[in-house]
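These are the residues of each chain, in order.
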Amino acid sequence: MVNTLIDGLKERISKAITINQSVGIMLPSKNYSDLTQALLEYICSRTEDAWVYVTITKPYDNLIKQFGDLSGLENIKFIDCISRAAGISNTNPNCVFIESPTMLENLGLEIINVFKNVDDDTNKYLILDSLSTLVIYNDLEIVTEFFYHLANRTRARNIHSVSLMIEEEGVDSQLNKLIYLNDKILKVRDSFI
Amino acid sequence: MPEEELCVTGMADLDNLLGGGIPVGSTVLVVGSSGSGKTTLCMQYLVNGAQQGERGVFFTITEPLFKLTKNMEGFSFYDKKLIESGMVNLIDLRIISERLGLDTEKYSVEDAAALLDVLKDIADELNVKRLAIDSITALCYRLQSKEMIRDFIFKLGSSLAAMNCTTFLTSEVPPRKFQYSQHGIEEFISDGIIFLGDIERKGDLIRTFQLIKMRGMAHSRTKSAMIISSNNGIELAPLLKS
Ligand SMILES: Nc1ncnc2c1ncn2[C@@H]1O[C@H](COP(=O)(O)OP(=O)(O)OP(=O)(O)O)[C@@H](O)[C@H]1O
Ligand SMILES: [Mg+2]
């Protein structure tokens, strides 16, 4: 069953991000690993595109361990916002490490820096995993401001973005407003797939 | 507005805030507390200049040369070839004052004059267009009165300006204080002030960068976030206001 779920997700993601500049994906936490798997498998299949995967949820090393074939891919670069704060000091040429998830200006700068090395003709995609974890480390207002800035900069450079938002029970509706800044919202529900 | 010749720092974000660059011949005070990035900023400024064919000299007082070079080697911008070729010259001011036979703790008026002459001679002989003194605080500490400090910086600044050399002086201040120098004089004799500070966010310190003044330029005064990385050295980004 899990495979059909993942395939279904891949298809929906694929459709949404080719049409829209920015996509927000809302999902319950129990679907989180299926979704990241679907996303990463999708990225692996899109070798001609340039991807930047910002992880605030899991350290880069964990992602690599979980999806072993990622480290060899040329088309995907990672920005890890939590390893350093957790005291992990590994380095990797495929990953930029940000000192702390509170360093939002630094994060914004590194995202643009990574895309600077990509030529104009290549399709560019950004994944933010996730907006909800950014809000754990920062006030909602500053994350909103960050997200506005980021949206302007990615739009100006024709970078498509996918932002994840993990929904918890009884979640603050303010948080939902953040995800609605995207052009298109996908809600992941088991029944949808 | 008259066309003024500008010294392009080569740090694109900074040049943008400045409105192109620093008026050639200016003396700029780079103010910040310990670890704020003063030395890095000066070095990147000199290296960028050298790459554009402008020779530079870095006078260090606070750090011995071996430590300075070791720290700078961590940055991609630090190109050893520029040092070897003499496009960027690193000089330990303490060694110079020793050779001049100056008292290491206190300079008399004659000592200060002798040191000033040596600095001018070096700048002149090497035909440098960019110069940094790291730090002017440590140098001023050896000068015994406000008058001597004023006189020293003023004469240094005017001689270097006459050589079309644009100068960075670093100024050490206590953390999180709105103060530009230890002696309260340096900022008034300088043409420009760059303030490297920080703000606290959720217990982390975010580096900030602010242009306080730049005579002759209509520059931005907004506070930016500053990022130091081994790949790009110093970069600026709009500071989030929330
Ligand atoms: N290779 C590097 N990559 C990223 N950051 C670095 C690197 N090397 C140094 N830094 C950061 O830059 C800071 C120091 O910068 P710098 O030496 O320019 O400060 P400073 O203002 O001159 O300090 P001081 O007053 O102690 O002389 C360090 O505290 C460190 O955080
Ligand atoms: Mg220093």
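Residues numbered from 1 in each chain as written. Chains lettered and ligands numbered in written order. Predicted model: local features only at pLDDT ≥ 70, side-chain atom pairs only at ≥ 80, totals over all residues. Heavy atoms only, no water.

**Some remarks on unusual backbone geometry**
Then, in step 1: Following Asp 129 of chain A, the chain continues into Ser 130 of chain A via a peptide bond in cis, with omega recorded as 5°.
Then, in step 2: Looking at the element boundaries, Ser 130 of chain A is found in the loop between strand E5 (124–129) and helix H5 (131–137).
Then, in step 3: A cis geometry characterises the amide bond from Asp 134 of chain B onward to Ser 135 of chain B, with omega recorded as 10°.
Then, in step 4: Mapped onto the elements, Ser 135 of chain B comes out in the loop between strand E6 (130–134) and helix H7 (136–142).
Then, in step 5: Even without being a glycine, Arg 176 of chain B presents a positive backbone phi close to 50°.
Then, in step 6: By secondary structure assignment, the location of Arg 176 of chain B is in the loop between strand E7 (166–172) and helix H9 (186–189).
Then, in step 7: Positive phi outside glycine occurs at Lys 202 of chain B, with the angle close to 50°.
Then, in step 8: Its place among the elements puts Lys 202 of chain B in the loop between strand E8 (192–201) and strand E9 (204–214).
Then, in step 9: A relative accessible area of 51% means that Lys 202 of chain B is categorised as exposed. (Helix = DSSP H or I, 4+ residues; strand = E, 2+ residues; numbered from the N terminus. Buried < 20%, exposed > 50% of the residue type's maximum accessible area, 1.4 Å probe, protein only.)

**Describing empty space enclosed by the protein**
All names here are of chain A.
Then, in step 1: Counted under the stated rule, the structure contains three cavities of 30 Å³ or more.
Then, in step 2: As a volume, the largest cavity reaches approximately 60 Å³.
Then, in step 3: Residue lining of the largest cavity: Gln 21, Ser 22, Phe 147, Leu 150, Ala 151, Thr 154, Arg 155, Ser 161 and Asn 182, and that is the complete set.
Then, in step 4: Of the residues assigned to the lining of the largest cavity, the class counts are three nonpolar, five polar and one charged. (1 Å grid on protein atoms, 1.4 Å probe; cavity = no way out; pocket = protein on both sides within 12 Å on 5 of 7 lines; lining within 4 Å. Points joined across faces, edges and corners; volume = space filled by probe spheres on them. Nonpolar A, V, L, I, M, F, W, Y, C, P; charged D, E, K, R; others polar.)

**With respect to the pairing of E6 of chain B**
Residue and element names in this part refer to chain B.
Then, in step 1: Burial analysis of E6 places five of its five residues in the buried class, which makes it a mostly covered element.
Then, in step 2: Side chains Arg 130, Ala 132 and Asp 134 project from E6 onto one buried face, and the interleaved Leu 131 and Ile 133 project onto a second face that is buried too.
Then, in step 3: Judged from the five bridges that link them, strand E4 (residues 56–60) and E6 form a sheet pairing that is parallel. Its bridge partner being in E6, Phe 59 is matched across the sheet by Ile 133.
Then, in step 4: Examined bridge by bridge, E6 and E7 share four bridges and lie parallel to one another. Note on E7: the bridge partner recorded for Leu 131 is Thr 167. (Pairing = 2+ DSSP bridges.)

**Notes on the interface of chain A and chain B**
Then, in step 1: Facing the 16 residues of chain A at the interface are 16 residues of chain B.
Then, in step 2: Between chain A and chain B the total buried area reaches about 1400 Å² when both faces are included, carbon and sulfur atoms providing 59% of it.
Then, in step 3: For the pair chain A and chain B, the number of links is two salt bridges.
Then, in step 4: We note a salt bridge from Glu 105 of chain A to Arg 201 of chain B, for which the minimum N-O separation is 2.8 Å.
Then, in step 5: In this structure, the connection of chain A to chain B is made through eight residue pairs in polar contact (both at pLDDT 80 or more).
Then, in step 6: Contributing elements (two or more residues each) for the side of chain A that touches chain B: helix H4 (104–116) and helix H6 (140–156) of chain A.
Then, in step 7: Classifying every residue of the side of chain A that touches chain B gives six nonpolar, six polar and four charged. (Contact = heavy atoms within 4.5 Å. Buried area = accessible area lost by both parts, 1.4 Å probe. Salt bridge = Lys/Arg side-chain N within 4 Å of Asp/Glu carboxyl O. Polar contact = N/O pair within 3.5 Å; in protein donor to acceptor, adjacent residues only side chain to side chain.)

**Quick notes on the packing of H4 of chain A against H6 of chain A**
If you want to describe how two helices pack, look at the angle between their axes and the distance between the axes.
Residue and element names in this part refer to chain A.
Then, in step 1: The interhelical angle for the contact between H4 and H6, taken along N-to-C directions, is 15°, at an axis separation of 11 Å. Regarding the angle of H4 to H6, the classification is roughly parallel. Of the two elements, H4 crosses H6, and the hand of that crossing is right-handed. Of the residues in H6, those in contact with Leu 104, Leu 107, Gly 108, Leu 109, Ile 111 and Ile 112 of H4 are Ile 142, Phe 146, Leu 150 and Arg 153.
Then, in step 2: Looking at the contact of H4 with H6, its residues break down into eight nonpolar, one polar and one charged. (Axes fitted to C-alpha atoms, helices over the stretch in contact; angles between N-to-C directions. Parallel < 35°, antiparallel > 145°, perpendicular 65-115°, else oblique. Left-handed = near helix turned anticlockwise from the far one by under 90°.)

**Structural notes on the packing of aromatic side chains**
The description of an aromatic ring pair rests on the distance of the ring centres and on the angle between the ring planes.
Then, in step 1: Using the criterion set out here, one finds nine aromatic pairs over all chains in the structure.
Then, in step 2: Geometrically, the ring pair formed by Tyr 42 of chain A and Trp 51 of chain A is edge-to-face, given 5.9 Å between the ring centres and 90° between the ring planes.
Then, in step 3: By relative accessible area, which is 7% here, Tyr 42 of chain A ends up buried.
Then, in step 4: With a relative accessible area of 2%, Trp 51 of chain A lands in the buried category.
Then, in step 5: On the numbers, 3.9 Å between centres and 5° between planes, the contact of Tyr 45 of chain B with Phe 168 of chain B is stacked. Here the residue Tyr 45 of chain B occupies a position in helix H2 (residues 38–51), and Phe 168 of chain B occupies one in strand E7, the gap between them amounting to 123 residues.
Then, in step 6: Owing to a relative accessible area of 0%, Phe 168 of chain B belongs among the buried residues under this scheme.
Then, in step 7: In this structure an aromatic cluster arises from ring pairing among Tyr 53, Tyr 60, Phe 78 and Phe 97 of chain A. (Phe/Tyr/Trp six-rings, centres within 6.5 Å; stacked < 30°, edge-to-face > 60°.)

**Remarks on the site of ligand 1**
Residues and elements named next belong to chain B.
Then, in step 1: Around ligand 1, 14 residues are found, and the nearest of them are Gly 35, Lys 38, Thr 39, Thr 40 and Arg 207.
Then, in step 2: The side chain of Thr 40 places a nitrogen or oxygen atom 2.5 Å from an oxygen atom of ligand 1.
Then, in step 3: Taking Gly 74, its main chain carries an N or O atom lying 3.3 Å from a nitrogen atom of ligand 1.
Then, in step 4: Here ligand 1, which alone exposes 650 Å², has 65% of that area covered by the protein.
Then, in step 5: Counting residues per element, the ones that place at least two in the shell around ligand 1 are H2 and strand E10 (223–229). (Near = heavy atom within 4 Å. Areas by Shrake-Rupley, 256 points an atom, 1.4 Å probe, with all protein chains shown as cover.)

**Some details on the sheet that holds strand E6 (residues 159–167) of chain A**
Residues and elements named next belong to chain A.
Then, in step 1: Pairing in this open sheet of seven strands is parallel, and the strands run E4-E3-E2-E5-E6-E1-E7 from one edge to the other. Two strands bound the open sheet, and with one partner strand each, they are strand E4 (95–97) and strand E7 (184–187). Pairs of neighbouring strands in the sheet enclose a mean axial angle of 15°, with direction left out of account.
Then, in step 2: Where strand E1 (residues 22–28) and E6 come together, seven bridges link them in parallel fashion. Each residue of the ladder has a partner; that of Gly 24, found in E6, is Ser 163.

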